[in-house]
Amino acid sequence: MSVLASAVAGASLLLTAPPAAAAVPPAGSAPPRDRVVAEVLPAVTYVETRSDAVVRERGTGRQIGTVAVTGTCSGVMVSGDGHIATAGHCVHPDDIRNAMARDLARQLEARGVGPRDRLYAFILLRYEFEGRTPGSPIDRTVTAVRADTAGTGTRMPARIVDAEPIRRGDVALLDVDGTDFPTATLATGGDPTPGTPVTAVGYPGERDRATEPGQAPSWQDATVSAVRTRGGGPVVEVSAGGPPA
């Protein structure tokens with residue numbers, strides 16, 4: 001099986017991404033929209049990723065080809081010295097490897113090699129996705145982009161501090177150089193209950209296709225629809241309405 005170079009559109013990696021931030025109002029008092037925007041939007045970032053891998057056959061170590069994927073996620077500054085919380089699947093090797101295998105399977109299906117699901121399972125079973133040196137991790141480059149008044153965005157190289165894949169919570173912590181960044185205040189209480197009103201802020205995947213990263217993120221009212229457990233941790237599902245006005 002030949003391995004093709006591939007590039008995954010940002011929306012593909014955003015399929016299950018949570019909003020960058022959710023401002024939960026105190027019981028009985030919903031803060032006005034302008035307050036939420038003023039407090040949260042300055043802390044929201046646009047996260048761009050690029051991952052490059054060499055594909056090697058399991059067992060023999062034979063190099064089959066190379067693959068590259070790009071992705072975008074929303075992020076939010078959680079400390080003034082440059083820590084950014086974002087979705088884990090944008091940077092975790094497990095999820096990146098799965099994205100690479102899915103895209104290769106899609107391309108091979110288009111060439112008539114076979115059905116996508118079987119190709120995807122075969123690729124994961126047969127091949128390793130590694131760095132340039134056998135056994136090394138996939139090469140990842142992460143850039144955080146902060147919106148500015150000029151609409152071009154301030155680009156900052158980001159380091160991956162820690163990350164959990166989708167199956168273990170889908171969260172990651174990045175770090176960029178700098179101080180005195182605006183931050184969003186994280187909730188310290190328990191999990192929100194279904195029906196709790198929230199305001200979702202970030203860069204939705206579908207909108208990323210037509211939005212420049214330097215532009216301000218979107219925001220909309222939403223409601224907590226369910227709180228579930230995945231990988232031993234809580235996952236909050238949010239149901240939002242149509243595009244924000």
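Conventions and cut-offs
Within any chain, residue numbers begin from 1 and follow the written order of that chain's sequence. Two thresholds apply to this predicted model, a pLDDT of at least 70 for residue-level local features and 80 or more for giving and counting side-chain atom pairs, whereas whole-chain, interface and lining totals are computed over all residues. The basis for every side-chain value is the complete set of heavy atoms in the structure, and neither hydrogens nor water enter the calculation. Secondary structure counts use DSSP, requiring at least four H or I residues in a row for a helix and at least two E residues in a row for a strand, with both numbered from the N terminus. In this scheme, a residue with accessible area under 20% of its type's maximum is buried, one over 50% is exposed, and one in between is partly exposed, where area comes from a 1.4 Å probe on protein chains only. In what follows, a contact means two residues having at least one pair of non-hydrogen atoms within 4.5 Å. For accessible areas, the Shrake-Rupley method is used with a probe of radius 1.4 Å. Any residue's cover is judged against the shown protein chains and nothing else. Classification of ring pairs rests on two measures: the distance between centres of Phe, Tyr or Trp rings, Trp counted by its six-membered ring, which must be within 6.5 Å, and the angle between planes, read as stacked under 30 degrees, edge-to-face over 60 and tilted in between. Here, a salt bridge means any Lys or Arg side-chain nitrogen found within 4 Å of an Asp or Glu carboxyl oxygen. The rule for pairing is simple: two strands pair if DSSP sees at least two bridges between them. What a helix should span is 1.5 Å times the count of its residues minus one.

Visitor: Help me understand the overall build of the protein chain in this model?
Guide: A count of helices and strands for the protein chain gives five helices and eleven strands. Residues classed as buried in the protein chain amount to 42% of the 245 residues present. Put simply, of all contacts in the protein chain between residues at least 6 apart along the chain, 66% involve residues at least 24 apart. In the form shown here, the protein chain has an accessible surface area of approximately 12800 Å², with 52% of it arising from carbon and sulfur atoms.

Visitor: What is the right way to look at the packing of aromatic side chains in this model?
Guide: Aromatic ring pairs are reported here in terms of the distance separating the ring centres and the angle at which the planes meet. Per the stated rule, a full pass over the model turns up one aromatic pair. Note on Phe122 and Tyr127: the rings are 6.3 Å apart at their centroids and 80° apart in plane angle, and the pair reads as edge-to-face. Phe122 gets classed as partly exposed once you look at its relative accessible area, which sits at 30%.

Visitor: Sorry if this is basic, but what is going on with the pattern of salt bridges here?
Guide: Side chains bearing opposite charge may pair, as long as their charged atoms lie close to each other. In this structure the tally under the stated criterion is 13 salt bridges. Ionic pairing is found between Arg167 and Asp94, a salt bridge with its closest N-O pair at 2.8 Å. With Arg167 in the loop between strand E7 (154-164) and strand E8 (171-175) and Asp94 in helix H3 (residues 93-110), this pair connects stretches of sequence that are 73 residues apart. Accessibility expressed as a relative area gives 49% for Arg167, which makes it partly exposed. One salt bridge in this structure joins Arg168 and Glu164, with 2.7 Å as the shortest N-O distance. Judged by its relative accessible area of 26%, Glu164 is partly exposed. When salt bridges with common partners are traced through the structure, they connect Glu57, Arg62 and Arg126 into a single cluster.

Visitor: Got a minute to help me understand the environment of Pro234 in this structure?
Guide: With respect to the helices, strands and loops of the structure, Pro234 is situated in strand E11 (residues 233-240). Overall, Pro234 belongs to the exposed group, its relative accessible area being 52%. With 43 residues separating them along the chain, Pro234 and Asp191 place their C-alpha atoms 7.9 Å apart. Aside from chain neighbours lying at most four places away, what touches Pro234 is Asp191, Arg228 and Thr229.

Visitor: Even after reading the chapter, I still don't get the pairing of strand E9 (residues 197-202), so can you show me in this structure?
Guide: Put simply, side chains in a regular strand alternate between the two faces of the sheet. Burial of E9 is extensive: five of the six residues sit out of reach of the surface. Bridging between E9 and strand E10 (residues 218-230) involves six bridges; their strand directions are antiparallel. If you follow Pro197 over to E10, its bridge partner there is Thr223.

Visitor: Quick question: what am I supposed to make of H3 here?
Guide: Residues lying three or four places apart along an α-helix face the same way, a consequence of the helix completing one turn every 3.6 residues. Here H3 is 18 residues long and its end C-alpha atoms lie 26 Å apart, about the 26 Å a rise of 1.5 Å per residue gives. Within H3, the full set of buried residues consists of Asp95, Ile96, Arg97, Ala99, Met100, Ala101, Asp103, Leu104, Ala105, Gln107 and Leu108. In the stretch just after H3, Gly112 is the one whose phi turns positive, near 80°.

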